[in-house]
Amino acid sequence: MMEDGDAAVVAQVQAGDVQAFRLLVERHQPTVFRLAFRMTGNQQDAEDAVQETFLRAYRQLRRFEPRASFGTWLYRIAANCTLDLLRKRQREAEHRAGPEFAATQAPESLFANAPSPDRLAANAEEQQQVESALEQLTPLERAAFTLRHLEGRSIAEISATLGVGANAAKQGIFRAVRKLRRVLEPMRSPIQ
Amino acid sequence: MKHPSEEELILFYYAEAEDGQAIADHLEACEACRAAYQDLKHLLLWVNAPPMPEQGQAEAAAAWNRLRPRLVAQRDFRWSDLLQLWHWPRWATAATLALLLLTAFLAGRYWPRPVPTAPHAPTAVAQREPAHARERVFLNEMGNHLERAQVALIELIHSKTNGVVDISWEQALAKELVNMNWLCRQTCARLGDTGTANVLEDLERALIEISNSPSTLSSAEFGGLCRRIEPNRVLFKVQVVGSQVRARERDGARKLTANRS
């Protein structure tokens, strides 16, 4: 993330310049989107999470401590907004037709956005199996696992980002790995 | 070194094991553990990041265009300024919101309703639906509450006991949970679910005990606290009840769907 100049822009926004917030959105949107997309596996949800993240950041900006890193602060908001969205989606899925529906829905938009059709063709089945397995995780498990496995965050950082204790973060990761193993193990031998 | 557990191998994979060198040495020497680790490694290497949609200036501009009207509306909305005046601690705000939600639920449940003079099937179904919906809201809130209680107990159980033990984080969470727990317990008792109410009573005793303890304890004091509240026993019961509540919630969702169709 570009940190240079964030402090000055934040000060402008705090002084009431809404337009200056655009610069912060343009600088940090890719990172926020990447995190949200990895956590949700869905472009539309990721875009919604980006909107909610920046809106929440704007609302809370007057409480932002200027000595802190804006990028780190925003990343924490993004992780929590996306976690809230995952929880909401889970409730909606259960409300629609019970948990089996939620567990067996394949993500529709995830594979429509692959960078190359050839690569997509080669990896689609494997990727779909992984995404289906990730769909089995609870929102907290998925958030903790994504932050550790795909975002490379340490357990201490995950704990601070999600506002849970280190042991809860660890347990989330352990449960996620166990569930992934349970779902993916039977599919692995014919593929690898 | 004894054989590392699956959890230790997971931490080792992410370079977060407390004694990584000892595990590395053990894997060098132990074929079974090496095979287990390779297995885990293959599994985790399989889980790659999904292909990312391209994100550039156009996407950032689109995000800004979608966001801007909401920010302007936000700036003009002055109620939020009034809310800023509330400097309540987080636990007090959360407890108040939980209290309001449960009050709304209980009011809905026990408020006398007019008895239909000539009931017929569609009306009866229509009246049952809000009751189902209220029950699901309650089960959802209680499920979330029990999950958070589990987090507090797990954290407490895994507290480091070298010298002084700091339980301030668990304590803050326990304080947040006490009021909600009381409301859930009262509701379960009124509904005649004494089994769940008893578990919630055990949990409440533990939460109050944690809330009222000093935030830093000596090892001996921490041992005394654990003996008094038996967190492992309470955690087990809360996990069982938590999964039952989630199952009932899912069951309710299925019934509602069936009624609608």
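Computed from a predicted model, the values in this text were never measured in an experiment.

**Q** For this particular structure, what's the right way to read the overall build of chain B?
**A** Summing up its helical and strand segments, chain B has eleven helices and two strands in all. Ordered by position from the N terminus, the helices and strands of chain B form the series α-α-α-α-α-α-α-β-α-α-β-α-α. In chain B, which comprises 261 residues, the proportion classed as buried is 26%. Pairs at least 24 apart in sequence give 74% of the contacts found in chain B among residues at least 6 apart.

**Q** I keep staring at helix α1 (residues 6–13) of chain B and nothing clicks. Help me out?
**A** The periodicity of an α-helix, 3.6 residues per turn, causes residues three or four places apart in sequence to face the same way. Those residues of α1 of chain B that sit buried are E8, L9, I10, L11 and F12 of chain B. Of the residues one or two after α1 of chain B, A15 of chain B is the one with positive phi, at around 55°.

**Q** Help me understand the environment of A104 of chain B in this model?
**A** All names here are of chain B. If you trace the backbone, A104 turns up in helix α6 (residues 90–110). C-beta crowding within 10 Å serves as the criterion here: with 12 such atoms nearby, A104 is assigned to the exposed category. A104 sits 30 residues away from R134 along the chain, and the two C-alpha atoms are 9.5 Å apart.

**Q** When you look at the packing of α1 of chain B against helix α3 (residues 31–46) of chain B in this model, what are you seeing that I'm missing?
**A** Packed helices, taken two at a time, are described by their axes: the angle between them and the distance between them. All names here are of chain B. At a minimum axis separation of 10 Å, α1 and α3 run at an interaxial angle of 55°. Taken together, the axis directions place α1 and α3 in an arrangement best described as oblique. Note that α1 runs across α3; the crossing there is right-handed. Residue-level contacts link L9, I10 and Y13 of α1 to A36, Y37, L40, K41 and L44 of α3.

**Q** Help me understand the nonpolar core, please; the structure alone is not making it clear to me.
**A** Looking at soluble globular proteins, one finds that nonpolar side chains tend to be buried together. Formed by 90 residues in total, the largest nonpolar core has its most connected members in A36, A78 and A144 of chain A together with V238 of chain B. Not counting residues up to four positions away in its chain, the partners in contact with A78 of chain A are V32, L35, A36, A49 and T53 of chain A.

What counts as what
Residues numbered from 1 in each chain as written. Chains lettered and ligands numbered in written order. Predicted model: local features only at pLDDT ≥ 70, side-chain atom pairs only at ≥ 80, totals over all residues. Helix = DSSP H or I, 4+ residues; strand = E, 2+ residues; numbered from the N terminus. Buried ≥ 20, exposed ≤ 12 C-beta atoms within 10 Å, placed from the backbone. Contact = placed C-beta atoms within 7 Å. Axes fitted to C-alpha atoms, helices over the stretch in contact; angles between N-to-C directions. Parallel < 35°, antiparallel > 145°, perpendicular 65-115°, else oblique. Left-handed = near helix turned anticlockwise from the far one by under 90°. Core = buried A, V, L, I, M, F, W, Y, C linked by C-beta atoms within 7 Å.

Any functional reading would require information that these geometric values do not contain.
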